[in-house]
Each structure stands twice: as C-alpha cells, then as structure tokens.
Amino acid sequence: SFPSIPNHPSIPSLDLHGHTQEEALTKLDDALRKWKNIALSGSYPWVIPVVIICGCGNQIPAEVVERCTKYRADVGSAPKSMIPKQ
C-alpha cells in the first residue's frame, strides 16, 4: 500500500526525496507496476492520479521521473494546475 497525500487520501504517492538515481528508478518502477495494475482493474479510461514527490537538492529523482514521463507510453504527466494543493 502507498502513503496518501494529506487532505487527498485516495491519491497514492511515492516519495523519492533523498534517493540515488538507482534507488529512485527501482522504487518508481515498482510503484508504476502496482499503479498500472490498479488502473487496469478499474474502469475506462484506466487512469489513476498519483503524486510523486522528488524534493529538492540534487534533482536526481526529478530527472528520473521526467525521463519516465517522457519516454514511457503508459505514463503521463499532469498539468501543474491539476495537482492538488496540500
């Protein structure tokens, strides 16, 4: 089970803050597999919102997530206006 965003308990999140590139990629791949199964077990259009927290600092997790949303056909990035405020 994934932690939820405060005030938005139905939206799963993944905190990659402070992880190396390899750790972030492993955690992201594991989470994406689980989230894809959740989405596919739901109804059309088989999409679920998730929040990935990258933190600040060396930006390694942010770069991993950016590459993932850019090169994977089954992953998208929401416009910033769609991201829930905490």
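Refer to the preceding data block for the structure.
Structure report, in brief. The structure presented is a predicted model; accordingly, all values stated were derived computationally and were not measured.

If you walk through the whole model with that rule in mind, you get four salt bridges. A salt bridge links Asp 29 to Arg 72; the shortest N-O distance between them is 3.7 Å. On the criterion of sequence distance, the pair formed by Asp 29 in helix α1 (residues 21-40) and Arg 72 in the segment after α2 (60-71) is long-range, its members being 43 residues apart. When salt bridges with common partners are traced through the structure, they connect Asp 29, Lys 36, Arg 72 and Asp 74 into a single cluster.

This paragraph deals with the packing of α1 against α2. Put simply, α1 and α2 touch, their axes get as near as 9 Å, and they point 45° apart. Taken together, α1 and α2 sit at an angle that is classed as oblique. In this structure, α1 meets α2 at a crossing whose hand is right-handed. Contacts between α1 and α2 pair Gln 21, Ala 24, Leu 25, Leu 28 and Leu 32 from the former with Ile 60, Pro 61, Val 64, Val 65, Arg 67 and Cys 68 from the latter. Residue classes in the contact of α1 with α2 are distributed as nine nonpolar, one polar and one charged.

Thresholds, definitions, all that
Residues numbered from 1 in each chain as written. Predicted model: local features only at pLDDT ≥ 70, side-chain atom pairs only at ≥ 80, totals over all residues. Heavy atoms only, no water. Salt bridge = Lys/Arg side-chain N within 4 Å of Asp/Glu carboxyl O. Helix = DSSP H or I, 4+ residues; strand = E, 2+ residues; numbered from the N terminus. Axes fitted to C-alpha atoms, helices over the stretch in contact; angles between N-to-C directions. Parallel < 35°, antiparallel > 145°, perpendicular 65-115°, else oblique. Left-handed = near helix turned anticlockwise from the far one by under 90°. Contact = heavy atoms within 4.5 Å. Nonpolar A, V, L, I, M, F, W, Y, C, P; charged D, E, K, R; others polar.

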